[in-house]
Amino acid sequence: MMNEVGFIDTECTGTNHYTTAPTTAGATFRATKGDGNVKQRHWENVYTTKDVSKVGWYQQEPAISLSLLQKIGSTPKDVFIDVGCGTSTLTDALIESGYQDITLLDISPSALNIVKKRLGATADLPVYCVEDVCHFSTKKLFDVWHDRAVFHFLQKEEEQQEYLQTLHRSLSPDGYALIGTFAVDGPQSCSNLPVRQYNEERMKNLVQERFDILEVIEETHITPSGSEQRYCFFILKSIHPKE
Ligand SMILES: C[S@@+](CC[C@H](N)C(=O)[O-])C[C@H]1O[C@@H](n2cnc3c(N)ncnc32)[C@H](O)[C@@H]1O
């Protein structure tokens, strides 16, 4: 709950003597007011003021993501997460194909509410997480981690490493991460925010010994206003230190 309202590094420091009934116990929490609030305000503003079918990253069909899922041999049994899912229709396609274990994570609660509303009768199937992906922690291990146009917003190396640590912790040993960023000949900003551009060499420098880059796929996305954006998708697999 504290992470949901913008705190980061939340930890329970222990129980205390406060109690309101024989069956309750008090607990103390420590947390830092993160800059997640600023990020969250930005994205909330987007999803509460814009037509989501007109934003630059909008796709009617999540074609590239579906083709990558096919490439890695993903099946409906996979435990799947879409980080920074926004209002993408990828979830709709996965539910349609029979996926049962879907987690949707976004910093904007409004984006997730738009998805919930759109899913209608199947809205209860996904698990919804309002969180900054860099501070996400879960007991689940995901077979597929999907990120289209989220990682490239992380400007500081510290944030990029936090993200990669989270990914490494959350991916099952045989899992795949599909990460789509702007390419080196792609835009330098998105939604009025600066972005980093990636190619294999730049990604390799960041993932270092944690992940293997199995494949790099370039894609040209056509925005709703008709302009071209060059993307680079990376298929990553964790490297696990030998026992
Ligand atoms: C450019 S949009 C892409 C949305 C979606 N992946 C798609 O392809 O349509 C970026 C999304 O990432 C979310 N986002 C940005 N920074 C985030 C962060 N640090 N943690 C979680 N979500 C974030 C935004 O709210 C937004 O929905």
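Only a predicted model underlies this, so the values are computations on that prediction, with no experimental measurement involved. (Residues numbered from 1 in each chain as written. Predicted model: local features only at pLDDT ≥ 70, side-chain atom pairs only at ≥ 80, totals over all residues.)

Quick one: what's the story with the overall build of the protein chain, residue by residue and with numbers?
Within the protein chain, the secondary structure is distributed over six helices and eleven strands. For 243 residues, the compact-globule estimate of 2.2 N^0.38 gives 18 Å, and the C-alpha radius of gyration of the protein chain, at 19 Å, lies within 12% of that figure. Over its C-alpha atoms, taken along the principal directions, the protein chain stretches across nearly 60 × 50 × 35 Å. When the 243 residues of the protein chain are sorted by exposure, 30% land in the buried category. (Helix = DSSP H or I, 4+ residues; strand = E, 2+ residues; numbered from the N terminus. Rg over C-alpha atoms; globule rule 2.2 N^0.38 Å. Buried ≥ 20, exposed ≤ 12 C-beta atoms within 10 Å, placed from the backbone.)

If you had to explain the domain arrangement of the protein chain to someone new, which residues and values would you point to?
You can read the domains of the protein chain as domain 1 (7-34) and domain 2 (38-238). Taken over C-alpha atoms, the centre of domain 1 sits 32 Å from the centre of domain 2. (Domains from an automatic or database assignment.)

So, the site of the ligand: which residues are in play, and what are the values?
Around the ligand there are 20 residues in total, and Trp 43, Gly 84, Gly 86, Ser 88 and Arg 148 lie nearest to it. Breaking the shell around the ligand down by element, the ones donating at least two residues are α1 (36-49) and β4 (101-106). (Near = placed C-beta within 6 Å.)

Describe the pairing of strand β10 (residues 211-222), with residues and values.
Pairing of β10 with strand β11 (residues 228-238) involves eleven bridges; the strand directions are antiparallel. Among the inter-strand pairings, Val 216 is bridged to a residue of β11, identified as Phe 234. In this structure, the hairpin formed by β10 and β11 is closed by a connection of five residues, where Gly 226 is found at a positive phi of approximately 95°. (Pairing = 2+ DSSP bridges.)

Could you give me a rundown of the environment of Pro 187, with the residues and numbers involved?
Here Pro 187 shows up in the loop between β7 (171-182) and β8 (189-190). When the C-alpha positions of Pro 187 and Gln 229 are compared, they lie 6.5 Å apart, and in sequence the two are 42 residues distant. The contacts of Pro 187, once residues within four sequence positions are left out, are Phe 182, Val 195 and Gln 229. (Contact = placed C-beta atoms within 7 Å.)

Would you mind going over the nonpolar core in detail, with residue names and values included?
In terms of nonpolar packing, the biggest core is built from 47 residues, with Trp 145 and Ala 177 touching the most fellow members. Broken down by element, this core gets its largest block of residues, six residues, from β7. The residues contacting Trp 145, other than those within four sequence positions of it, are Ile 81, Val 83, Leu 167, Ser 170, Leu 171, Gly 175 and Ala 177. (Core = buried A, V, L, I, M, F, W, Y, C linked by C-beta atoms within 7 Å.)

Which residues make up the pairing of strand β5 (residues 127-130), and what values go with them?
Sheet analysis places β4 next to β5, joined by four bridges and oriented parallel. What sits directly across from Leu 104, in β5, is Tyr 128. The parallel pair β4 and β5, bridged by helix α4 (residues 109-119), forms a crossover whose chirality is right-handed. (Right-handed = clockwise from strand over helix to strand, strands pointing away.)

Could you give an account of helix α3 (residues 90-97), naming the residues involved and the relevant values?
Inspection of α3 places Leu 90, Thr 91 and Leu 94 among the buried residues, and these make up the whole buried set. Burial along α3 is one-sided: seen end-on, the buried residues are contained in an arc of 95°. Looking at the buried positions of α3, the neighbouring elements they touch are α2 (63-71), β3 (79-83), β4, α4 and β6 (142-148). Where α3 terminates, the next one or two residues include Gly 98, which has phi positive at roughly 105°. (Arc of directions from axis to C-beta.)

Summarise the sheet that holds β11; cite the residues concerned and give the values.
Strand order across the open sheet formed by seven strands is β5-β4-β3-β6-β7-β11-β10, with mixed pairing between neighbours. Taken across any chain shown, the strands that pair with only one partner, and hence form the sheet edges, are β5 and β10. Each strand axis lies, on average, 15° off the axis of its neighbour in the sheet, ignoring direction. Of the pairings in the sheet, the one linking β6 to β7 comprises six bridges and is parallel in character. The partner of Val 144 across the bridge, within β7, is Tyr 176. (Axes fitted to C-alpha atoms, helices over the stretch in contact; angles between N-to-C directions.)

Which residues make up unusual backbone geometry, and what are the values?
A positive phi angle, close to 65°, is found at Ala 149, a residue other than glycine. Classification of Ala 149 by C-beta neighbours within 10 Å gives buried; the count is 21. Positive phi values are uncommon outside glycine, yet Ser 191 reaches one of about 55°. Along the polypeptide, Ser 191 turns up in the loop between β8 and β9 (193-194). For Ser 191, a count of 15 C-beta atoms within 10 Å gives the class partly exposed.

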